[in-house]
Amino acid sequence: MLIKDLKNIFHKELDAIYGVEEVASFFFICTENYYNVTRLQLALDSDLAINKEEQTVIFNALEDLKNEKPIQYIIGETEFYGLPFKVNKHTLIPRPETEELVTLVLKTAKQKLKESKPLTCLDIGTGSGCIAISLAKELKEAQVYAIDVSTEAIKKAKENAVLNNVAVEFIKCDILNTCNETLNKDLKFNVIISNPPYVRNLEKAEIKNNVLNNEPHLALFVEDDNPLLFYKAIAEFATKKLHKNGKLFFEINEYLGAETKALVESIGFKNVEIIKDIFNKDRMLSADL
């Protein structure tokens, strides 16, 4: 079968769901991933073909896309902060807004690195490891730690650290229950970062099916009557585990910026600031101990 004919099949089956441009993007991601054929190669040689045996994998991907499975889970990888990351159903797919959080953290961390060596950073709820690994890649002299409640997520994060040739210490613990006991009591940090679950159940109507039906709910959703559960636990934990003048960073629910700021202030943090993302949404919070 000619690869260009496969492209027509993709558009016929998927355009109504995703739109022409996104389907084209999906198609070329698949051809490059499965056959090492780029968009440019196909444009230069319209007679490129695959045999029947080779067709199975891309038709399986087509079926997954029809069922709105994210392309990142289909091919098992994505990119974050210019780095490759393996992902699966146990890890959230890293978002561009979280890249903004990493950029914000790095500005502070690079300054603190001048003041404090070794600089220690902790990523809480690491998932694929994207935040911790990106920090470790940029902060060569820092000691980076990361925790998660999911054994499978920790496993994938460790793979990603090897893939990106960085040293991160991953620790399994539950921030709501066991982390104070699990972590070395003498271990303290200059910077603590977290992108915890913050989507309320009432906001599920805003979530697309490809996210709602595939990504781990454990890492996404909180109960409507206690949406700041993780922020409270992490901020209280941070009062014990941050060095004096340490920094706390959160990715936050855009609808709960004022409430999150008030909570963090009530726990004892100062200079609490809400930072907007590129879409002008309240998306990040920074605070000083």
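Quick look at the structure, then. (Residues numbered from 1 in each chain as written. Predicted model: local features only at pLDDT ≥ 70, side-chain atom pairs only at ≥ 80, totals over all residues. Heavy atoms only, no water.)

1. Focus on helix H1 (residues 3-18)
Phase 1 of the analysis: The axis of H1 is deflected most strongly, by about 40 degrees, at Lys12.
Phase 2 of the analysis: Contact partners of the buried residues in H1: helix H2 (20-35), helix H3 (39-44) and helix H4 (52-66).
Phase 3 of the analysis: Looking one or two residues past H1, Gly19 carries a phi angle of roughly 95 degrees, positive in sign. (Bend = angle between axes of the 7 residues up to and from the residue. Helix = DSSP H or I, 4+ residues; strand = E, 2+ residues; numbered from the N terminus. Contact = heavy atoms within 4.5 Å.)

2. Brief notes about the packing of aromatic side chains
Each aromatic ring pair is described using two quantities: the centre-to-centre distance and the angle formed by the ring planes.
Phase 1 of the analysis: Enumeration over the complete set of coordinates arrives at eight aromatic pairs.
Phase 2 of the analysis: Between Tyr34 and Tyr35, the ring centres sit 6.3 Å apart and the planes meet at 70 degrees, which makes this aromatic pair edge-to-face.
Phase 3 of the analysis: Taking 5.6 Å as the distance between ring centres and 75 degrees as the angle between the ring planes, the aromatic pair formed by Tyr145 and Phe189 counts as edge-to-face. With a gap of 44 residues between them, Tyr145 in strand E4 (residues 143-148) and Phe189 in strand E6 (residues 189-194) connect regions that are remote in the sequence.
Phase 4 of the analysis: Overall, Tyr145 belongs to the buried group, its relative accessible area being 12%.
Phase 5 of the analysis: These aromatic residues form a ring-pair network of at least three members: Phe10, Phe27 and Phe28.
Phase 6 of the analysis: Geometry around Phe221 places Lys204 over its ring, the cationic atom sitting 4.8 Å from the centre. (Phe/Tyr/Trp six-rings, centres within 6.5 Å; stacked < 30°, edge-to-face > 60°. Buried < 20%, exposed > 50% of the residue type's maximum accessible area, 1.4 Å probe, protein only. Lys NZ or Arg CZ within 6 Å of the ring centre and 35° of its normal.)

3. Digging into the nonpolar core
Phase 1 of the analysis: With 37 residues, the main nonpolar core has Ile147, Ile192, Leu248 and Phe269 as its most contacted residues.
Phase 2 of the analysis: At the level of secondary structure, the elements contributing two or more residues to this core comprise strand E3 (120-124), E4, E6, strand E8 (221-222), helix H11 (229-241), strand E9 (242-251), helix H12 (257-266) and strand E11 (282-288).
Phase 3 of the analysis: At six residues, H11 tops the list of elements feeding residues into this core.
Phase 4 of the analysis: The contact partners of Leu248, leaving out residues within four places of it in the chain, are Ile192, Ile234, Ala235, Ala238, Leu242, Phe269, Leu285, Ser286 and Ala287.
Phase 5 of the analysis: By size, the runner-up hydrophobic cluster in this structure holds 32 residues, among which are Ala136, Val144, Val166 and Phe170. (Core = buried A, V, L, I, M, F, W, Y, C linked by side-chain atoms within 4.5 Å.)

4. Re the pattern of salt bridges
Phase 1 of the analysis: Applying the stated criterion to the full structure yields 13 salt bridges.
Phase 2 of the analysis: Close ionic contact of Glu13 with Lys66 constitutes a salt bridge, the shortest N to O distance being 3.3 Å. Taken together, the residues span a long stretch of sequence, with Glu13 in helix H1 and Lys66 in helix H4 at a distance of 53 residues.
Phase 3 of the analysis: With relative accessibility at 33%, the residue Glu13 sits in the partly exposed group.
Phase 4 of the analysis: In this structure Lys66 comes out as partly exposed when scored by relative accessible area, which is 32%. (Salt bridge = Lys/Arg side-chain N within 4 Å of Asp/Glu carboxyl O.)

5. Some thoughts on the environment of Leu101
Phase 1 of the analysis: Mapping Leu101 onto the fold places it in helix H6 (residues 96-115).
Phase 2 of the analysis: Separated by 154 residues in the primary sequence, Leu101 and Tyr255 have C-alpha atoms spaced 17 Å apart.
Phase 3 of the analysis: What Leu101 contacts, discounting residues up to four positions off in sequence, is Ile131, Ile193, Ser194, Phe249, Phe250, Glu251 and Met284.

6. Thoughts on the sheet that holds strand E10 (residues 270-276)
Phase 1 of the analysis: Strand order in the open sheet formed by seven strands is E5-E4-E3-E6-E9-E11-E10, with mixed pairing between adjacent strands. Each end of this open sheet is capped by a strand with a single partner; those strands are strand E5 (168-172) and E10. Ignoring strand direction, the axes of neighbouring strands in this sheet form an average angle of 15 degrees.
Phase 2 of the analysis: For E9 and E11, the ladder comprises five bridges, and the chain directions are antiparallel. Each bridged residue has a counterpart across the sheet, and for Lys247 the counterpart in E11 is Asp288.
Phase 3 of the analysis: Sitting on the sheet, helix H7 (residues 130-138) is in contact with E3, E4, E5 and E6, with an inclination near 160 degrees to E5.
Phase 4 of the analysis: Taken strand by strand, H12 contacts E9, E10 and E11, and its axis lies near 160 degrees from that of E10. (Pairing = 2+ DSSP bridges. Axes fitted to C-alpha atoms, helices over the stretch in contact; angles between N-to-C directions.)

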